[in-house]
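Listed below are the residues making up each chain.
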Amino acid sequence: MRIVHEWLSELVEIPGDIATVAAELGLRGFEVAAIETEPPGVIDFEITANRPDCLNHLGMAREASVIWNTPLKVTPPAVPLPTGDVTVEVDLRDADLCPRYCAQVFDVKVAPSPAWLSDRLQAAGVRPVNNIVDVTNYVMLEMGQPMHAFDLARLDGGRLVIRRALTGETLQTLDGVERRLDAEMLVIADASRATAVAGVMGGRDSEIDASTTRIVLESACFHPPAVRRGSKRLGLKTEASTRFERGADIDAPPAGIAHAGALFAQMSAGLPAGPLVDCYPSRPGERQVRLRLERIARLLGQAVPPGDVPRILRPLGFGVDGGDEEWQVTVPGFRVDVTREADLIEEVGRHFGFDRIPAAFPPLASPQPPPAAVLTRERLLRQALIASGFSEAMTFAFIEAAAARPFCPPGAEPALLANPLSEKYAVLRPSLLPGLVDACAHNRRRAQRDIRLFEIGSRFLPGTGEGRAAALAWCGAASGPHWSLEDRAVDFFDIKGVLERTCATFGIEFDTRPAERAYLAAGRAATLHVRSGSADTVLGVLGQLLPAVAEERGFPAGEEIYVAELDLSVLFDADAGEDLRAEPLPRYPSVVRDVSILVPEVLPAAAVRGTIRSSAPSTLISIVEFDRYTGKGVPEGQISLSVRLTFRGADRTLTDEDVQTAMDGILSALRETHGAVQR
Amino acid sequence: MADPGQALTSLRQQFEQELTGARTESDLRGVRDRYLARKGGLVSGLLKSLGSAPIEERPRLGQLANTLKAEIEAALTARLEAAAQARPPKGTVDVTLPGRQPVIGHRHPLSLLRERIEGIFTRFGFLVIEGPELEDDYHNFEALNMPPEHPARDMQDTLYLSSPVRSLAGTAATLLRTHTSGMQIRYMERNSPPVRLIAPGRVYRRDQFDLTHTPMFTQVEGLVVGEGVSLADLKGILTAFARELFGDARQVRLRPSFFPYTEPSAELDISCAACGGRGRLAPKPGMNPSGAAGLAAPNPGMDPSGAGGCPMCKGTGWIEVLGSGMVHPAVFEAVGYDPERFTGFAFGMGIERIALLKWGVEDIRLFYENDLRFLEQFRP
Ligand SMILES: [Zn+2]
């Protein structure tokens, strides 16, 4: 709201210069966007949505009147007597959307405005049109009441009907645009058709121009949601709609017309042709709010002298009755934001000065519960991944539909936004991976080769809805660059190792099984499973990103990206927690045996491990695959798998015989189950 | 035939020169071979040549030659021993080559800052709670004193879902939360006062991208409710927070503002670090010979002139950090708290904005590009 310094000074005495005015009002809740010091001087205030009463100079003058303890210099307008008894018939049909409608007919001489008027409008940022329109705008900018002038000769039947628009009804508004109306909007119509969208904009057909001699001046109070709906649906924001949709003063319509009439007379622009028509079917009672001194101190944390209450509230327009402890406060019509005691305490507080409120520290009566386990666990997960060389990324929760689709379960579609920012952000991500892949591609385009990124966040699966997940993406080298090392590109087992290590942090071991996913390369995709009792739950997915998907997102062909995604609810449910009991250290030495066997290439290592475990005595404490070899000496279609087995007795030192018996049993089981031959 | 005596002198000079010139052990060994080799060595050559000297001179020359030989041997031995001692021990490495660094990732700056903020409030006795990113209209708006058609809904342009999606809270959500306040409502629905919590998380607004806006950002909201909680408590907690995060030298002020869910409402400003709260940058040394530099009075409000105004705070001397206020009684009524008995305060801040201010990041979009050159500037 552009407040003209010279104009404001006319309404209230202000001792300071423009910078002081801006600073003082700024500290009372009116943020200053800009100052123009050139005469007449303009301060552009950002008026918060709760203060439509300050979208005009009088409202700001009331604030200034409290600050500088100077009275308002407002005198009642000199309203001329009507020259006759011409009126317009007002048919207020939808009083729920228009509680008050005032209209008065004026005989006018349309002409350009005098310089003082058009200069002021321009300073306030409103374009001058002609003396009639300019006066309505002037009144709005001075005391807040939006008004509209119709050319009476162009109103069919010489009457105004305030009603909801008819479905399919159209209106060409003043800006020349043909608008389609609907039944949710309120219009001002004549006998045959809509002629203005109430509180938003008038129609071109009833616009006044140089030939106009008789006008109907409208000054009304429209229901804020009705104006808001009209303005939103038409995509039309005007000076009038901005004021009405925040709440208009029910008492202002007659005052607005009186003020305009006085100005018309003063400028010899026109005289009333008849009396004011005031349709005001249901008058609300006075709004009264109780204000207690004790409550002010309680909310602000600072006692306020009782005299400050009337000193602050009266110049703001409130009626204040009562003694030193408690007041009955009458709320003026223009203060639509004040409905309860807290609202009045805010008025007292902001003029008392927030700088005079002391700084205290609220006492703590009882200890807080420990933080939620999920927060602690996400923090641990983050630490584990960072220690594994992954940097934390944050990507958007909404993505392109095309990027999301490969990551949805077969046949499912990602959740759509109703009003996305653009097609690039049209759906909720079903996985964190598309965002991470894009982040990898972004880095790759900027000459970064070795990229490890992770993200912890929410994903939105079709069907199950919102859930927490962690995703990883890795491309480039498997280890840090060094002059002594030969570069090796990342592969499946690098990222699998990170997942194994990370899950071990939570005391979890998972099974890995070959799987198929639309976004993963065939033969290099797996699901991770955790088992508890008989339940087998999918913990996550792991594999090489399908090259076509990578290239689609701008990744160079021929480079491999490995990705993984974990369902955090599964991971955290499986977490053994911190309640562990320390095991005593082993008392007897362990014995290590290495064995190499020839088995079919397609036999999963997990099957070999399973056979070993089920055929070994309980003294077998660990199985580690340490070599996998194909080539010279190994028949086609077979591999040589080397496994290191560690045995230890719980109650005695194992003898060579003990271990040999165990090894014999294991080897014969491998031979029988898999046809494994020892090398 | 040269004079043998002169030959002796010039050989000594020549040797001394070569010995000085020898830098490495192998240089020294070369010198030794050239002078002392039994066959063809310069010293033995000299000795041989003495045969041609007059007989009465021979004993004296022979003595001189042997002295020279002994000197050469001693000098070389000393240098060679010194060189051997200076020789690096077996297995010596070049310690100046770069080491093999374990690969360690980096924290995202927003996550780092969020943890820092959580740490401060945890010390102040606040509980940290998390909640769904998808919300229903009631928890995002209505319970917060923003009924349908409320003009303040425009302050938070909302992204809606085409059809309801199940949220983390198990409810049918219709929108992406515009703030984390919904979690505070849920908490109050389930717990009686006293309440002292912060609710960090991602929030969504239909804002176009620019230097300071992204349609998704990270918020930390706080709520304190009890008997007798006042605006003074709000000021105390937030001042302590701002000083800890931005430094003790910062001035802090509350400025009246508007939020539908608080009454009274206030913005928290901190004094601008770039201009020290003066609103204009100090003139460069030497630019102002009159000595007026540094005399600029603290600016109470707005510096109207653009010239010389501080670009960081747009000449005001203050920077807006967060919004706050006393919880609106309508919010208490919505969750079943008695507004006569309980009072409370709430606040909310965007972590991105704090990060821009704290680290001097110029473009908020950097936080979501995940460029490693940016991320790696922050601590692991
Ligand atoms: Zn500054």
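How each quantity is defined
Residues numbered from 1 in each chain as written. Chains lettered and ligands numbered in written order. Predicted model: local features only at pLDDT ≥ 70, side-chain atom pairs only at ≥ 80, totals over all residues. Heavy atoms only, no water. Helix = DSSP H or I, 4+ residues; strand = E, 2+ residues; numbered from the N terminus. Rg over C-alpha atoms; globule rule 2.2 N^0.38 Å. Buried < 20%, exposed > 50% of the residue type's maximum accessible area, 1.4 Å probe, protein only. Areas by Shrake-Rupley, 256 points an atom, 1.4 Å probe, with all protein chains shown as cover. Lys, Arg positive; Asp, Glu negative; His and termini not counted. Charge placed at Lys NZ, Arg CZ, Asp CG, Glu CD. Pairing = 2+ DSSP bridges. Contact = heavy atoms within 4.5 Å. Axes fitted to C-alpha atoms, helices over the stretch in contact; angles between N-to-C directions. Buried area = accessible area lost by both parts, 1.4 Å probe. Salt bridge = Lys/Arg side-chain N within 4 Å of Asp/Glu carboxyl O. Nonpolar A, V, L, I, M, F, W, Y, C, P; charged D, E, K, R; others polar. Donors = N, O, S within 2.8 Å, 3.2 Å for Na, K, Ca; no water. Tetrahedral: all angles 85-135°; square planar, octahedral: opposite > 155°, others 65-115°. Disulfide = S-S within 2.5 Å. Phe/Tyr/Trp six-rings, centres within 6.5 Å; stacked < 30°, edge-to-face > 60°. Lys NZ or Arg CZ within 6 Å of the ring centre and 35° of its normal. 1 Å grid on protein atoms, 1.4 Å probe; cavity = no way out; pocket = protein on both sides within 12 Å on 5 of 7 lines; lining within 4 Å. Points joined across faces, edges and corners; volume = space filled by probe spheres on them. Domains from an automatic or database assignment. Expected span 1.5 Å × (residues − 1).

### Here we look at the overall build of chain A
Okay, so step 1: Counting secondary structure elements, chain A contains 19 helices and 31 strands.
Okay, so step 2: Here the C-alpha atoms of chain A give a radius of gyration of 40 Å, more than 25% beyond the 26 Å that 2.2 N^0.38 yields for 679 residues.
Okay, so step 3: The dimensions of chain A, computed from C-alpha atoms along their principal axes, are 125 × 60 × 50 Å.
Okay, so step 4: Sorting the 679 residues of chain A into buried and exposed places 54% on the buried side.
Okay, so step 5: Surface exposure of chain A reaches about 30000 Å², of which carbon and sulfur atoms provide 51%.
Okay, so step 6: Both charge centroids of chain A, one from 71 positive and one from 91 negative side chains, sit 3 Å from each other.

### Regarding the overall build of chain B
Okay, so step 1: For chain B, the count of helices and strands is 12 helices and 10 strands.
Okay, so step 2: Computed over its C-alpha atoms, the radius of gyration of chain B comes to 41 Å, more than 25% above the 21 Å expected for a compact globule of 380 residues.
Okay, so step 3: Summarising its shape, the C-alpha atoms of chain B cover approximately 130 × 65 × 40 Å along the three principal directions.
Okay, so step 4: Counting across all 380 residues of chain B, residues that qualify as buried make up 52%.
Okay, so step 5: Summing over all exposed atoms, chain B offers an accessible surface of approximately 17600 Å²; the carbon and sulfur share of this is 53%.
Okay, so step 6: The positive charge centre, built from 43 side chains, and the negative charge centre, built from 45, are 11 Å apart in chain B.

### A few points about unusual backbone geometry
Residue and element names in this part refer to chain A.
Okay, so step 1: P39 connects to P40 through a cis peptide bond whose omega is 5°.
Okay, so step 2: Mapped onto the fold, P40 is located in the loop between strand 2 (31-36) and strand 3 (42-46).
Okay, so step 3: Of note, N69 is a non-glycine position whose phi angle comes to about 55°, a positive value.
Okay, so step 4: Relative to the assigned elements, N69 resides in the loop between helix 3 (57-68) and strand 4 (89-92).
Okay, so step 5: Looking at N69, the relative accessible area reads 66%, which means it is exposed.

### Points about the sheet that holds strand 9 (residues 318-327) of chain B
Okay, so step 1: Here 7 strands make up an open sheet; going across it, the order is 1-5-6-10-9-8-7 (chain B) and the pairing mixed. If you trace the sheet from one side to the other, it starts and ends with strand 1 (127-128) and strand 7 (252-259) of chain B, each paired once.
Okay, so step 2: In the sheet, strand 1 of chain B pairs with strand 5 (residues 195-204) of chain B via 2 bridges, with the strands oriented parallel. Bridging from a neighbouring strand, L127 of chain B pairs with L197 of chain B of strand 5 of chain B.
Okay, so step 3: Strands strand 8 (262-271), strand 9 and strand 10 (343-350) of chain B of the sheet are contacted by helix 9 (residues 293-300) of chain A, whose axis makes an angle of about 40° with strand 8 of chain B.

### Comments concerning the interface of chain B and chain A
Okay, so step 1: Each partner contributes residues to the interface: chain B has 92 residues there, and chain A has 95 residues.
Okay, so step 2: Carbon and sulfur atoms supply 59% of the area that chain B and chain A bury against each other, a total of about 8100 Å² over both sides.
Okay, so step 3: The interface formed by chain B and chain A holds 8 salt bridges in total.
Okay, so step 4: A salt bridge links E392 of chain A to R107 of chain B; the shortest N-O distance between them is 3.6 Å.
Okay, so step 5: Looking at the side of chain B that touches chain A residue by residue, the classes come out as 44 nonpolar, 21 polar and 27 charged.

### Regarding the coordination of the zinc ion
In an ideal octahedron of six donors the angles at the metal are 90 or 180 degrees, and in an ideal tetrahedron of four donors they are 109.5 degrees.
Okay, so step 1: For the zinc ion, the full set of protein donor atoms is C272 of chain B (SG), C275 of chain B (SG), C310 of chain B (SG) and C313 of chain B (SG), at a range of 2.2 to 2.3 Å.
Okay, so step 2: Here the zinc ion binds 4 donor atoms, and the angle range of 104 to 115° at the metal identifies the geometry as tetrahedral.

### Brief notes about the state of the cysteines
Cysteine pairs can be covalently joined through their sulfur atoms, and such a bond is termed a disulfide.
All names here are of chain A.
Okay, so step 1: According to the stated counting rule, one finds 0 disulfides over all chains in the structure shown.
Okay, so step 2: Free of any disulfide, C98 has its nearest neighbouring cysteine sulfur in C221, separated by 7.3 Å.
Okay, so step 3: For C98, a relative accessible area of 0% gives the class buried.

### Quick notes on the packing of aromatic side chains
Okay, so step 1: The full count for this structure, using the stated rule, is 30 aromatic pairs over all chains.
Okay, so step 2: Ring centres 5.6 Å apart and planes at 70° place the aromatic pair F398 of chain A and Y204 of chain B in the edge-to-face group. With one member in each of two chains, F398 of chain A in strand 20 (residues 398-399) and Y204 of chain B in strand 5 form a pair that bridges those chains. Neither F398 of chain A nor Y204 of chain B differs from the other in exposure class; each is buried.
Okay, so step 3: Joined through ring pairs, the aromatic side chains of F361 of chain A together with F121, F124, F126, F241, F345 and F347 of chain B make up one cluster.
Okay, so step 4: Sitting over the ring of F334 of chain A, R62 of chain A keeps its end group 3.6 Å from the ring centre.
Okay, so step 5: Above the plane of the ring of F626 of chain A lies R644 of chain A, whose end atom (NZ or CZ) is 4.7 Å from the centre.

### Observations concerning the layout of surface pockets
Residue and element names in this part refer to chain A.
Okay, so step 1: One number sums up the size of the second largest pocket: a volume of about 1600 Å³.
Okay, so step 2: Looking at the lining of the second largest pocket, the elements that each hand over two or more residues are helix 15 (492-505), strand 24 (511-514), strand 25 (520-532), helix 18 (605-615), strand 29 (620-629) and strand 30 (638-648).
Okay, so step 3: At 8 residues, helix 15 tops the list of elements feeding residues into the lining of the second largest pocket.
Okay, so step 4: Classifying every residue of the lining of the second largest pocket by side-chain character gives 19 nonpolar, 4 polar and 14 charged.

### Comments concerning empty space enclosed by the protein
Okay, so step 1: Counted by the stated rule, this structure contains 1 cavity of 30 Å³ or more.
Okay, so step 2: If you add up the space inside the largest cavity, you get close to 90 Å³.
Okay, so step 3: Every residue lining the largest cavity is counted, 14 residues in all, and those nearest its centre are R28, N50, R51 and R350 of chain A together with S257 of chain B.
Okay, so step 4: Broken down by secondary-structure element, the contributors of at least two residues to the lining of the largest cavity are helix 11 (341-352) of chain A together with strand 7 of chain B.

### Here we look at the domain arrangement of chain B
Okay, so step 1: Examined at the domain level, chain B breaks down into domain 1 (4-85) and domain 2 (109-281 + 306-378).
Okay, so step 2: A C-alpha centroid distance of 89 Å is found between domain 1 of chain B and domain 2 of chain B.

### Digging into helix 8 (residues 252-266) of chain A
Counting along an α-helix, one turn takes 3.6 residues, and residues three or four places apart therefore face a common direction.
Residue and element names in this part refer to chain A.
Okay, so step 1: Along its 15 residues, helix 8 runs 21 Å from first to last C-alpha, staying within 8% of the 21 Å computed at 1.5 Å per residue.
Okay, so step 2: Within helix 8, 11 of the 15 residues are buried, which leaves it mostly tucked inside the rest of the structure.
Okay, so step 3: When we look at burial in helix 8, the residues that qualify are A252, P253, G256, I257, A258, H259, A260, G261, A262, L263 and F264.
Okay, so step 4: Just downstream of helix 8, S268 is the residue with a positive phi angle, here 55°.

### Concerning the pairing of strand 8 of chain B
Both faces of the sheet carry side chains from a regular strand, because those side chains alternate between them.
All names here are of chain B.
Okay, so step 1: Taken across its 10 residues, strand 8 has 10 buried, putting it largely inside the fold.
Okay, so step 2: Residues T262, P264, A266, L268 and I270 line one face of strand 8 and the alternating positions E263, S265, E267, D269 and S271 line the opposite face, and both faces are buried.
Okay, so step 3: Strand direction decides the pairing type here: strand 7 and strand 8, joined by 7 bridges, are antiparallel. The residue of strand 8 that forms the bridge with F259 is T262.
Okay, so step 4: Counting the residues that bridge the hairpin from strand 7 to strand 8 gives 2 residues.
Okay, so step 5: Bridging between strand 8 and strand 9 involves 8 bridges; their strand directions are antiparallel. Bridged to A266 within strand 9 is S324.

### Here's the deal with the environment of L428 of chain A
Okay, so step 1: Relative to the helices and strands, L428 of chain A is located in strand 21 (residues 427-428).
Okay, so step 2: Residues L428 of chain A and D487 of chain A lie 59 residues apart in sequence; the distance between their C-alpha atoms is 38 Å.
Okay, so step 3: Excluding anything up to four places from it in sequence, L428 of chain A contacts A397, F398, P414, A415, L417 and F460 of chain A together with L134, L161 and L176 of chain B.

### Concerning the pattern of salt bridges
In a structure, side chains of opposite charge can pair up when their charged atoms sit close to one another.
All names here are of chain A.
Okay, so step 1: Tallying each qualifying case throughout the model produces 81 salt bridges over all chains.
Okay, so step 2: In this structure, E392 and R382 form a salt bridge, with 2.8 Å as the shortest nitrogen-oxygen distance. In this pair, E392 is assigned in strand 19 (residues 391-392) and R382 in helix 12 (residues 373-387), connecting sequence segments 10 residues apart. Assigned by exposure class, E392 and R382 land together as buried.
Okay, so step 3: In this structure, the salt-bridge partner of R553 is D438, at a minimum N-O distance of 2.8 Å. Of this pair, R553 sits in the loop between helix 16 (547-552) and strand 27 (561-567) while D438 sits in helix 14 (residues 433-445), placing them 115 residues apart in sequence.

### Focus on the sheet that holds strand 29 of chain A
All names here are of chain A.
Okay, so step 1: Judged by pairing direction, the sheet is antiparallel, and its 4 strands sit side by side in the order 29-30-28-31 without closing on themselves. Looking along the sheet, the strands with just one partner apiece sit at the ends: strand 29 and strand 31 (677-678).
Okay, so step 2: The pairing of strand 29 with strand 30 spans 8 bridges and is classified as antiparallel. Pairing of D627 across the sheet is with S642, part of strand 30.
Okay, so step 3: Against the sheet, helix 18 engages strand 28 (590-600), strand 29 and strand 30, with an angle of about 145° to strand 29.
Okay, so step 4: Helix 19 (residues 656-674) rests against strand 28, strand 30 and strand 31 of the sheet, and its axis sits at about 15° to strand 28.

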